[in-house]
Amino acid sequence: MTTAIDQPRQPEAAPSPPAPPAGDHGFLGHPRGLATLSGLEVWERFSFLGMQAILVLYFADAVAHGGLGMDPGTAASVAAAYGTMVYLVSVAGGWLADRILGSYRAVLWGGVLIACGHYAMAVPATAATWTGLGLISAGTGLLKPNVASMVGRLYRGDDERRDAGFALYYTAINIGAFAGPLIAGWLGEHQGWHRGFSAAAVGMTAGLAQYVLGRRRLPGRGPSAAYALAPAARRTAVRRIAAAGLAAAALATLLAAIGWLTTPRFVDLLTLASVIAPVVYFTVMFRSPRVSAAERGRLRPYAVLFLASVAFNFILFQAYSTMMLLASSHARTEILGFHFPASWYASALGAFEVALAPLVAGLWVRMGRRQPHASHKIAIGVVLGGLSFLLMALPTAGHGADDGFRTAAWWIIGSYLLLGLGDVLLETSGMSAATRLAPSAYAGQTMALWFLSLALANGIQAQVVKAYGHVSTPVYFGVNGALAVAAGLAVFAAAPWLRRTMTAPTEGVH
């Protein structure tokens, strides 16, 4: 699954180093480097989403059972704050690769940090858990923005295999998203949470090993970054980054020691950062002298797409928080006599997206010019996300949080089916449109803006999910679902304006 979660998107190809020759057809008719990068993403998503499927359950489980004993709403809030931090750091990861490390080394060191973080979480100690989450956040911030960039550089600009190559790459992402919760979830719920985290560690190690072994097939392995800073500027930047990091760590330690920086306050600070960052980004673009009047006009629909992404991903990311809590406490874990861990529900999302993505792509190809405009696809995706939550209000209606009711598995599976289809529609159409609407001076930073929409969705989620367990379950899912449906309908209502303003002078956006 992309969880949206996180799904990287096709970026602009960097000018250096040159792409491999067009004659490389060693992997299913594609460059052999695609196998290496797709393999890395299988294992990275296996580890990331395998861990995330059990993270909120570990937070909420009793201390006597190996958990941290958090209130369900608090557990979901902390898990969402972790997602916020991952995507905020990812914005800096792209800059570090472009200016200092180079994409190959950024991905390599990112993977090393992720693996170390998962190994730390395998240690049954609270301090090791927080250390591990910090390492995984930093590592994911280096890895995620740069792997897709490397995939793009496997192809020449006029290579007709490019779109099909990204389709294979996204399939690999969803295979990892499907397999991770199956393995880590079973170990976590049957052998102990830290055994599940250790499976994620082994998976990331396997991904790193095949990445290093296949490095000769990859672009971006040069001694310098694509847009490297001058040596003096690079040294200054490294010193400033190190100093800022040490100062932030020292300040956080001091504030925690005196009791001011508590976990709830840290969550609130991350939410605040997730709000401020995109506001600053859009303000800079609107006021930049490098942005023409025509481009500024297209920034307005760009902002609408950004907010649509936030509305949808606010629902999507709860597949790994409130939906997991609901599944563990109020859903049957049996289908046709087969019993399974509650965390296996998370695998349904990846499975649906693997199955639906090629069907949707084939439908658009068959419809050709008759296919819906990008704004309609995005609106449908947001509405489907809201309907996935409204669906869960039905089986939970009339039940209290403590009456021990168990809903049939098909309700949650049906919810994930709607969510998966919505994700396929919104992710493919939304980012494609956003890359065309971005001002030329900021075209290379489209990925950063996309990550900021995911960070904001997580930041909002970190506040809203605090109500889970304190309001009735049908009210929680019904209100949030209704708000998402309303957001989707608002995009539908704005579709004529979006179609008009999203159209560039020489080409439309579909």
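In what follows, the accompanying structure is described. Since this is a predicted model, take the numbers as computed values, not measurements.

A word on the overall build of the chain. Scanning the chain from terminus to terminus reveals 16 helices and 3 strands. Taken over 510 residues, the chain has a buried fraction of 52%. Put simply, of all contacts in the chain between residues at least 6 apart along the chain, 84% involve residues at least 24 apart. A total accessible area of about 20700 Å² is found for the chain, and carbon and sulfur atoms account for 67% of it.

A separate point is helix α4 (residues 126-152). With 27 residues, α4 extends 40 Å from end C-alpha to end C-alpha; this agrees with the ideal 39 Å at 1.5 Å per step. The largest bend in α4 amounts to roughly 25 degrees and is located at Thr 140. Within α4, 20 of the 27 residues are buried, which leaves it mostly tucked inside the rest of the structure.

Glancing now at the nonpolar core. Among the nonpolar cores identified, the biggest contains 93 residues, and Met 51, Leu 55, Phe 59, Tyr 345 and Tyr 416 are the most heavily contacted of them. In terms of residue count, the dominant contributor to this core is helix α9 (residues 293-316) (11 residues). Membership of the second largest hydrophobic core comes to 23 residues, among which are Tyr 104, Leu 108, Val 147 and Leu 154.

Here the focus is the environment of Gly 478. Along the chain, the position of Gly 478 falls in helix α15 (residues 473-493). In this structure, the C-alpha to C-alpha distance between Gly 478 and Leu 387, residues 91 residues apart in sequence, is 9.1 Å. Apart from the residues lying within four places of it in its own chain, the contact partners of Gly 478 are Leu 390 and Ala 393.

A complete count under the given rule lists 15 aromatic pairs for this structure. On the basis of an interplanar angle of 65 degrees and a centroid distance of 5.3 Å, the ring pair of Trp 43 and Phe 46 is categorised as edge-to-face. Residue Trp 43 and its partner Phe 46 are both found in helix α1 (residues 33-60); the two are separated by 3 residues, about one turn of the helix. Using a relative accessible area of 32% as the deciding quantity, one classes Trp 43 as partly exposed. By relative accessible area, which is 9% here, Phe 46 ends up buried. The rings of Tyr 58, Phe 59, Trp 130 and Phe 197 are connected pair by pair, giving a single aromatic cluster.

Okay, the side chain of Ser 77 next. Residue position: Ser 77 is located in helix α2 (residues 72-101). For Ser 77, a relative accessible area of 3% corresponds to the buried category. A polar side-chain atom of Ser 77 sits 2.5 Å from the main-chain carbonyl oxygen of Ala 462. With residues up to four places along the chain from it excluded, the contact list for Ser 77 reads Val 267, Ala 462, Val 465 and Lys 466.

Another point: the packing of α2 against helix α7 (residues 231-257). At a minimum axis distance of 11 Å, the contact between α2 and α7 shows a crossing angle of 140 degrees. Considering their axes alone, α2 and α7 lie oblique with respect to each other. In this structure, α2 contributes Trp 95, Leu 96 and Ile 100 to the contact, and α7 contributes Arg 234, Ala 237, Val 238 and Ile 241. Of the residues that constitute the contact of α2 with α7, the class distribution is 6 nonpolar, no polar and 1 charged.

In this model helix α8 (residues 263-287) runs 36 Å from its N-terminal to its C-terminal C-alpha over 25 residues, within 8% of the 36 Å that 1.5 Å per residue would give. Taken as a whole, α8 has its buried residues at Val 267, Leu 270, Thr 271, Ser 274, Pro 278, Tyr 281, Phe 282 and Met 285.

At a minimum axis separation of 7 Å, helix α12 (residues 374-396) and α15 run at an interaxial angle of 165 degrees. With respect to each other, α12 and α15 are oriented roughly antiparallel. Relative to α15, the crossing made by α12 is left-handed. Across the contact of α12 with α15, the residue classes break down as 19 nonpolar, 9 polar and no charged.

We now examine the side chain of Lys 144. For Lys 144, the location among the structural elements is in helix α4. A polar side-chain atom of Lys 144 sits 3.0 Å from a polar atom in the side chain of Glu 41.

What follows covers the environment of Met 285. Here Met 285 is to be found in helix α8. Looking at Met 285, the relative accessible area reads 0%, which means it is buried. Remark: the alpha-carbon pair of Met 285 and Leu 299, spanning 14 residues in sequence, is separated by 8.3 Å.

Let's shift gears to a nonpolar patch on the surface. Together, Leu 251, Leu 254, Ile 258, Trp 260, Leu 269, Leu 272, Ile 276, Val 280 and Val 284 make up a nonpolar patch on the protein surface, roughly 840 Å² of accessible area in all. Those elements giving two or more residues to the nonpolar patch turn out to be α7 and α8. It is α8 that contributes the most residues to the nonpolar patch, 5 residues altogether. In this structure, Trp 260 sits in the loop between α7 and α8.

Reading the values: the criteria
- Residues numbered from 1 in each chain as written.
- Predicted model: local features only at pLDDT ≥ 70, side-chain atom pairs only at ≥ 80, totals over all residues.
- Heavy atoms only, no water.
- Helix = DSSP H or I, 4+ residues; strand = E, 2+ residues; numbered from the N terminus.
- Buried < 20%, exposed > 50% of the residue type's maximum accessible area, 1.4 Å probe, protein only.
- Contact = heavy atoms within 4.5 Å.
- Areas by Shrake-Rupley, 256 points an atom, 1.4 Å probe, with all protein chains shown as cover.
- Expected span 1.5 Å × (residues − 1).
- Bend = angle between axes of the 7 residues up to and from the residue.
- Core = buried A, V, L, I, M, F, W, Y, C linked by side-chain atoms within 4.5 Å.
- Phe/Tyr/Trp six-rings, centres within 6.5 Å; stacked < 30°, edge-to-face > 60°.
- Polar contact = N/O pair within 3.5 Å; in protein donor to acceptor, adjacent residues only side chain to side chain.
- Axes fitted to C-alpha atoms, helices over the stretch in contact; angles between N-to-C directions.
- Parallel < 35°, antiparallel > 145°, perpendicular 65-115°, else oblique.
- Nonpolar A, V, L, I, M, F, W, Y, C, P; charged D, E, K, R; others polar.
- Left-handed = near helix turned anticlockwise from the far one by under 90°.
- Patch = residues over 30% accessible without salt bridge, like charges linked within 9 Å, V, L, I, M, F, W, Y side chains within 5 Å.
- Salt bridge = Lys/Arg side-chain N within 4 Å of Asp/Glu carboxyl O.

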